[in-house]
Amino acid sequence: MLKYARSLLDTVLGRKRTLEVDDTTENTNAGDENKRIKTDGGMVYQVTISNIPTCSNSYLKSHFLSKGIPRVKKAPEWNYAVVNFKDKKEAQSAVEKINGDVFKGNLLEAKLVEITEESHRTRFQNKKGKKGKKGKADDGVDLSHLTPAERLARQVTPLYYMPYEEQLKKKQSVGEGHLKSFKRELLRIKDISEASKKQIEWATKPETPWEVLDIIPSPEVEGYRTKCEFTIGKNLDGEPTVGFLLGLFRMGIVSVLEPSELKNIPDIAKKIAKSMEDYVRASEYPVYDREAKEGVWRTIMTKTQRTGDVMIVIQIKSEGLGIEKVDELKKDLVDYWTVRVKDQGIDVTTLLFQEWDGVSNGMTDRAETQVLYGDGYIFEELLGCRFRLSSSAFFQVNTPGTELMYSKCAEWCNLNNGKKTTLLDICCGTGTIGITMAKSVDKVIGVEMVPEAIVDAKANAARNGITNVTYYANKVEDRLDVFKRVGDEEIVAVLDPPRNGVHASVIRAIREAKHIDKVIFISCDAKQAGPNFTTLCRPQTSRHKGLPFKPVRAVSIDLFPHTDHCELMIEFARIKPEDIDGDGQ
Ligand SMILES: C[S@@+](CC[C@H](N)C(=O)[O-])C[C@H]1O[C@@H](n2cnc3c(N)ncnc32)[C@H](O)[C@@H]1O
């Protein structure tokens, strides 16, 4: 396992030993490369061609064939191609032909890697065994030929190699796929009476009953992420490094690579990570070792908003240091971040500190966050409103993209219709959705389980002159009374829950609230939230009271360019008794 981890890191870090070679060393004497090659028999000479532009495979193949290079392989998602040779001279000659060749305006580059035949075979067999597809890695992509920076990028931003237009097409079709599979799920529900079946008749029709709008692209495609959590660890050379963990911790990979090449990380956050790295390298304290569970420096989180505000939260393991040393260290951190890094263009608004001796990695809500400098919060502007953000409160990481999402949500809520309306902002975080729409409704009710976020939400409402809001710092499943109507107002529910949605009791309460006819569900993982959609739309039973809803329109909003993630917003409307011939109730 350790050897595998080492080999993966070697590949990531561009060392000479390749993953393929190392795969075969699992049970051999590491370092005895000659012996291994003899044992393995023949060699494969693999040429990797990088800088390949987007084009059809047949066009690509015929280009290389015309140069006398057959068998060029390229998966659609790769921005490189590979070709294997049995003969080293042939491979070298291919490298010469390719280097400097211009293909569709791109200057090609070729590299030769020597692999033992057995390791090559084993690698392909392993992958076949795992996924059933010859030559494909876990996610269908062969990673072994990527440069270190590409490898980390592949892990953190798996779509980085695709032109943005293609990423959008992919996400559009993923969103549509989620809706279709949700429809199939509904039809799989068993033991539905004939009368109840009419309530999901729309799902039995081949055509989709909902309108799918074109995906809303992110206005900023690079450096959009306002919140970053960097791991402090060591790279393979044992140097303290601030960045992202390579590969999987559970596979024994505990080394860290700098985020310098990642497209989604803003320059200011990269600068902060680098400054932290300089600080840690000069520090008398060691970085935290995730395996041994010892050391001091653990994590640094940054929030860098478009207002220019910068929050830094530094997490250490303080066990055994003693109060005096920790106090000294805190003072030095304040001096470093507020005085010594100023000339690097880092202007810290607030600095926070967390002491965490537990085993879980990353910032935690199980330890106090101390304010070392500033007020402990920062500000962001969104649709003309100003929001205060504390360290633990959720705030969307792509501000301009979020503005587009909320504007579309407000449009779908259709609040300026002259009716008396209450807007339910369920899972409201710092109150952004409700506050940006508050002027169009009589009342906003926000429910959020993180108390600090509710403190922010109340302060945010006051700061923006909003007085028609009521906030509850509760789990929404413990506050089902918010779905009850007090007068004759119309109630629109906007749900923006975490990945796996809300507790089913929340959805059942919405169904039971007969006066709620419209639900806008914003999901950052529509697959995981699928059971919520099914509970909302399935036919009535004694447990699922009230007429069901059906999806009427949907749109994907790309808040996370270069990653697999995307928001999907769905409007659900209550089906009407006349839609089911007046029965089924
Ligand atoms: C995706 S965020 C959305 C926050 C907010 N609507 C926004 O856009 O900034 C989901 C929020 O749901 C909150 N949350 C998670 N589970 C909850 C629950 N059971 N009840 C209430 N809030 C919850 C989280 O703390 C988080 O603030």
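The present account deals with the structure reproduced in this document. (Residues numbered from 1 in each chain as written. Predicted model: local features only at pLDDT ≥ 70, side-chain atom pairs only at ≥ 80, totals over all residues. Heavy atoms only, no water.)

1. Section: the overall build of the protein chain
Of the regular secondary structure elements, the protein chain holds 17 helices and 22 strands. Among the 585 residues that make up the protein chain, the fraction classed as buried is 53%. Accessible area for the protein chain stands at about 26700 Å²; split by element, carbon and sulfur atoms hold 49% of it. (Helix = DSSP H or I, 4+ residues; strand = E, 2+ residues; numbered from the N terminus. Buried < 20%, exposed > 50% of the residue type's maximum accessible area, 1.4 Å probe, protein only. Areas by Shrake-Rupley, 256 points an atom, 1.4 Å probe, with all protein chains shown as cover.)

2. As for the site of the ligand
Near the ligand lie 18 residues; those nearest to it are Y406, C427, E448, V476 and D496. The contact in question runs from an oxygen atom of the ligand to an N or O atom on the side chain of Y406, over 2.5 Å. Residue C427 places a main-chain N or O atom 3.0 Å away from a nitrogen atom belonging to the ligand. Protein chains bury 90% of the 600 Å² of accessible surface belonging to the ligand in isolation. Grouping the constituent residues of the shell around the ligand by class yields 10 nonpolar, four polar and four charged. (Near = heavy atom within 4 Å. Polar contact = N/O pair within 3.5 Å; in protein donor to acceptor, adjacent residues only side chain to side chain. Nonpolar A, V, L, I, M, F, W, Y, C, P; charged D, E, K, R; others polar.)

3. What about helix α11 (residues 267-282)?
Taking 1.5 Å per residue as the helical rise, α11 with its 16 residues ought to reach 22 Å, and the 23 Å between its terminal C-alpha atoms agrees with that figure. The set of residues buried in α11 consists of A269, K270, I272, A273, S275, M276, E277, Y279 and V280. Contacts from the buried residues of α11 go to β7 (227-234), β8 (240-245), β10 (297-304), β11 (310-316) and α12 (323-340). (Expected span 1.5 Å × (residues − 1). Contact = heavy atoms within 4.5 Å.)

4. Regarding the packing of aromatic side chains
Here a ring pair, both rings aromatic, is described through the centre-centre distance and the interplanar angle of the planes. In this structure the tally under the stated criterion is 15 aromatic pairs. A ring pair is formed by W202 and W210, whose centres lie 6.4 Å apart and whose planes are at 75°; its orientation type is edge-to-face. Between Y279 and W297 the ring centres are 5.7 Å apart and the planes differ by 85°, which places this aromatic pair in the edge-to-face class. Taken together, the residues span a long stretch of sequence, with Y279 in helix α11 and W297 in strand β10 at a distance of 18 residues. Of the two residues examined, Y279 and W297, each falls in the buried class. Of the aromatic side chains, those joined through ring pairs into one cluster are F182, W202, W210, F521, F533 and F572. A cation over an aromatic ring shows up here: R71 above the ring of F85, its NZ or CZ 5.7 Å from the ring centre. Here R388 stacks its cationic end above the ring of Y377, 4.1 Å away from the centre of that ring. (Phe/Tyr/Trp six-rings, centres within 6.5 Å; stacked < 30°, edge-to-face > 60°. Lys NZ or Arg CZ within 6 Å of the ring centre and 35° of its normal.)

5. Quick look at the sheet that holds β10
The seven strands are arranged β9-β8-β7-β10-β11-β12-β13 in an open sheet whose pairing can be described as mixed. Pairing within the sheet leaves two strands with one partner each, and these edge strands are β9 (256-257) and β13 (369-373). Relative to strand β12 (residues 350-355), β11 runs parallel, the two being bridged by six bridges. Looking across to β12, one finds that M311 is bridged to T350. Those strands touched by α12 are β10, β11, β12 and β13, and its axis lies near 150° from that of β12. (Pairing = 2+ DSSP bridges. Axes fitted to C-alpha atoms, helices over the stretch in contact; angles between N-to-C directions.)

6. Details of the side chain of R290
Relative to the helices and strands, R290 resides in the loop between α11 and β10. Of the polar contacts made by the side chain of R290, one reaches the side chain of T231; its length is 3.5 Å.

7. Quick word on the side chain of H562
Following the sequence through the fold, H562 ends up in the loop between β21 (549-557) and β22 (567-574). Within the structure, H562 has its side chain in polar contact with the backbone oxygen of V221 (distance 3.1 Å).

8. Focus: the pattern of salt bridges
Throughout the structure, instances matching the rule amount to 23 salt bridges. Its salt-bridge partner being D517, residue R574 comes within 3.9 Å of it at the nearest N-O pair. Taken as a pair, R574 in strand β22 and D517 in strand β20 (residues 516-523) lie far apart in primary sequence, 57 residues in all. Here R574 falls in the buried class, since its relative accessible area comes to 8%. (Salt bridge = Lys/Arg side-chain N within 4 Å of Asp/Glu carboxyl O.)

9. Considering the packing of α11 against α12
When two helices pack together, their arrangement is captured by the angle between the axes and the distance separating the axes. With their axes 12 Å apart at the nearest point, α11 and α12 run at an angle of 135° to one another. Comparing the axis directions of α11 and α12 gives the class oblique. Of the two elements, α11 crosses α12, and the hand of that crossing is right-handed. Between α11 and α12, the contacting residues are I272, S275, M276, D278 and Y279 on the first element and L329, D332, L333, Y336, W337 and R340 on the second. Class assignment for the residues of the contact of α11 with α12 results in seven nonpolar, one polar and three charged. (Parallel < 35°, antiparallel > 145°, perpendicular 65-115°, else oblique. Left-handed = near helix turned anticlockwise from the far one by under 90°.)

10. Focus: the sheet that holds β22
Strand order across the open sheet formed by eight strands is β6-β21-β22-β20-β19-β16-β17-β18, with mixed pairing between neighbours. At either end of the open sheet lies a strand with only one pairing partner, and these are β6 (211-212) and β18 (469-473). On top of the sheet, helix α16 (residues 504-512) reaches β19 (490-495), β20, β21 and β22; it is set at about 155° to β20, its chief contact.

11. What to know about the packing of helix α8 (residues 164-188) against helix α17 (residues 530-537)
Contact pair α8 / α17: the axes reach a minimum separation of 10 Å and the direction vectors enclose 55°. By the angle between their directions, the pair α8 and α17 is classed as oblique. When the axes of α8 and α17 are compared, the crossing they make is right-handed. Here F182, E185 and L186 of α8 come into contact with α17, specifically with F533, T534 and C537. Residue classes in the contact of α8 with α17 are distributed as four nonpolar, one polar and one charged.

12. A word on the state of the cysteines
Under the counting rule described, the total for this entry stands at zero disulfides. Between C409, a free cysteine, and C413, which holds the nearest cysteine sulfur, the sulfur-to-sulfur gap is 4.2 Å. On the basis of relative accessibility, which here comes to 0%, the residue C409 falls in the buried class. Among the residues examined, C413 registers a relative accessible area of 1% and is labelled buried. (Disulfide = S-S within 2.5 Å.)

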